[in-house]
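Here is how the chains run, residue by residue.
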Amino acid sequence: MYDLIVIGGGPAGLAAACAAWEAGLHRVLIVERDRELGGILNQCIHNGFGLHYFKEELTGPEYAGRFVNMLRDTGVEVRLDTMVLEVGADRRVHMVGKATGYRVEEARSVLLAMGCRERTRGAISIPGTRPAGIFTAGAAQRYVNMEGWLPGERVVILGSGDIGLIMARRMTLEGAKVLACVEVMPYSGGLNRNIVQCLHDYDIPLYLSHTVTEIRGKNRVEQVVVSKVDEQRRPIPGSEMIFDCDTLLLSVGLIPENELTRQAGIAIDPRTSGAVVYENMETSLPGVFASGNVAHVHDLVDFVTAESQRAGRAAARYVLEGAGPEESALEVVSGDCVTYTVPQHIRPGRVEQGCELFFRVNRVCGPSRIAVTSGGRQLAAFRRDCLAPGEMEHITLPRALLDKADGAITIAVEEVKAG
Amino acid sequence: MKELICIVCPRGCHLKVDEACGYTVTGNGCPRGEAYGKRELTHPTRVITSTVRCTGGAYPRCPVKTSGPVPKERIFDVAAALDGITVEAPVRLGQVVVKDVCGTGADFVSTRALPQTDEAAGGA
């Protein structure tokens, strides 16, 4: 019987396992389907990781390497090349691995750290032929950075998520010509710094409020048609631009990978596509926790690390101190302009000093006020100079404030006029 | 007055740099933003990350970065300096792959450890 089984050996799983070990759990197992730990960080060879956590700028492999080294100093067990098939409600974890075959392991707690997957062409239904040369940005990143293949020479990128922007620069440095980055929304889905250092630095045009309306080509992509869209994101006839290219990269969103979570009967929040979680990242199934991109898609690995350490410590507490008394939970409601919040429920009795709350806005906002209200009363307000859907926001709600809440808590954002 | 988005950290502060007034930076959230704003308008630099061919390891590419920032106008020369290079596993983290790349004073260093595979070790 394990104290904790962590599913996934990427940044979330590594941080959670280390934190749980430090908090006193001594039978901890990480199950990873790849042949090495580190997850997607291994292919993210660009720098910019770790500025919050390590206070220095690291590349993805370096960031992963630090946690793999930390893990080595613990007694956490790792099973590589092993796929989890099922998590039972009784926390029995079914897995199949190259070296160990089919095993069922029991655990006192389980931490879900499976990360996310990319949305594909099928998910966004782009019309046209079905030739070779259409890749998700992350797949192209793996080909270029780990396997040594350049997927194409003349490239259009659909979507301005961070991976797409990073790949625009990466393909350019490897000798490909990136013709355009096309974004259906009127704003970019990626971080501003990536627009600057990946597109502007290399004179790659960004077409906002545009989308790919047709893919042409028999065996290989030959052309893509890009059209301007109106406010309802409908293509405007007559606005078509034709790009001669051999490759289309898609950076059109990430979906938390929650097949195991759903199968286990754990409640899913349709807004995050991740498990509904409490303040300590515990899911609706007691003793099962979720953190990192499987819970909600993050922009920065540093926040994945911090969240996963909290989840790992919470799992340790659950094992060492028991489930604790049943406590009433406050629901966190997404108010005006807020797409989702994590956590979705807060048990004030479990909050020691403050509860960190993460959320995204649904449009670009200038100087704004984040209002926290409950029962028609304002509990707190926070100021921000600007907010954007591509940048996750967070606030800390002190325990004293939560104790004053009357029923649900609503988080809303309103723009304030300058002056 | 020039407006920039700071790329030092993910916060992406909106900087205003006054070229006429000794490159005074406003809008920065930290001292690194001030340094970036000045540098970006006087002699912009970037850290370059790429990969280099690798034999004998689990992957045919080893990720590398410049050990410090290099002049922005040299980015393509610096990246091209990796073209003819092959490293052999085992590769250590931080191992110098190209010394003083293009005379910039920065080295290309490995950003991960790549152990030798069993097959490569057995074949030797």
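Above this text you will find the structure in question.
Predicted model, so just to flag it, every value in this text is computed and none were measured.

Caption draft 1: Quick look at helix H6 (residues 192-199) of chain A. Summarising burial for H6 of chain A: seven of the eight residues are buried, a large majority. Looking only at H6 of chain A, the buried set comprises Asn192, Arg193, Asn194, Ile195, Gln197, Cys198 and Leu199 of chain A. In this fold, the buried residues of H6 of chain A make contact with helix H5 (162-173), strand E12 (177-183) and strand E13 (206-208) of chain A together with strand E1 (2-5) and strand E4 (45-46) of chain B.

Caption draft 2: Geometry of the interface of chain A and chain B. Contacts between the two partners involve 20 residues from chain A, matched on the other side by 20 residues from chain B. At the level of secondary structure, the elements contributing two or more residues to the side of chain A that touches chain B comprise helix H2 (60-72), helix H4 (137-147) and H6 of chain A. Ranked by the residues each element gives to the side of chain A that touches chain B, the list is headed by H6 of chain A, at four residues. Of the residues belonging to the side of chain A that touches chain B, the class tally is eight nonpolar, eight polar and four charged.

Caption draft 3: Highlighting helix H1 (residues 11-22) of chain A. Residues and elements named next belong to chain A. The first and last C-alpha atoms of H1 sit 17 Å apart over 12 residues, in line with the 16 Å expected at 1.5 Å per residue. Taken together, the buried positions of H1 are occupied by Pro11, Ala12, Gly13, Leu14, Ala15, Ala16, Ala17, Cys18, Ala19, Ala20 and Trp21. Each element contacted by the buried residues of H1 is listed here: strand E1 (2-7), strand E2 (28-31), H2, strand E8 (101-112) and helix H8 (301-321). Looking one or two residues past H1, Gly24 carries a phi angle of roughly 115 degrees, positive in sign.

Caption draft 4: Representation of the sheet that holds strand E23 (residues 338-342) of chain A within the structure. All names here are of chain A. The strand order across the open sheet built from three strands is E23-E25-E28, with neighbouring strands paired in antiparallel fashion. What marks the edges here is a single partner per strand, and that holds for E23 and strand E28 (393-398). Averaged over all pairs of adjacent strands, the angle between their axes in this sheet comes to 30 degrees, without regard to strand direction. With four bridges joining them, E23 and strand E25 (residues 354-361) adopt antiparallel strand pairing. What sits directly across from Tyr340, in E25, is Arg360.

Basis of the calculations
- One numbering rule holds for all chains: residues counted from 1, following each sequence as written.
- Whichever chain is written first becomes A and whichever ligand is written first becomes 1, with later ones labelled in order.
- Given that the model is predicted, a residue must reach a pLDDT of at least 70 before its local features are reported, and side-chain atom pairs must reach 80 or more before they are shown or counted; all residues, however, enter totals for whole chains, interfaces and linings.
- With C-beta atoms placed from the backbone, a residue is labelled by how many other C-beta atoms lie within 10 Å of its own: buried for 20 or more, exposed for 12 or fewer, partly exposed between the two.
- Counting from the N terminus, the helices are the DSSP runs of H or I reaching at least four residues and the strands are the DSSP runs of E reaching at least two.
- Whether two residues are in contact depends on their C-beta atoms, placed from the backbone: they are in contact if these lie within 7 Å.
- Classification convention: Asp, Glu, Lys, Arg as charged; Ala, Val, Leu, Ile, Met, Phe, Trp, Tyr, Cys, Pro as nonpolar; all other residues, Gly among them, as polar.
- Expected span of a helix: the number of residues minus one, times 1.5 Å.
- Here, strands pair whenever DSSP counts at least two bridges between them.
- To get an axis, fit a line to the C-alpha atoms, keeping to the stretch in contact for a helix; angles then go from 0 to 180 degrees between the N-to-C directions.

Purely spatial values, then, with no claim about function.
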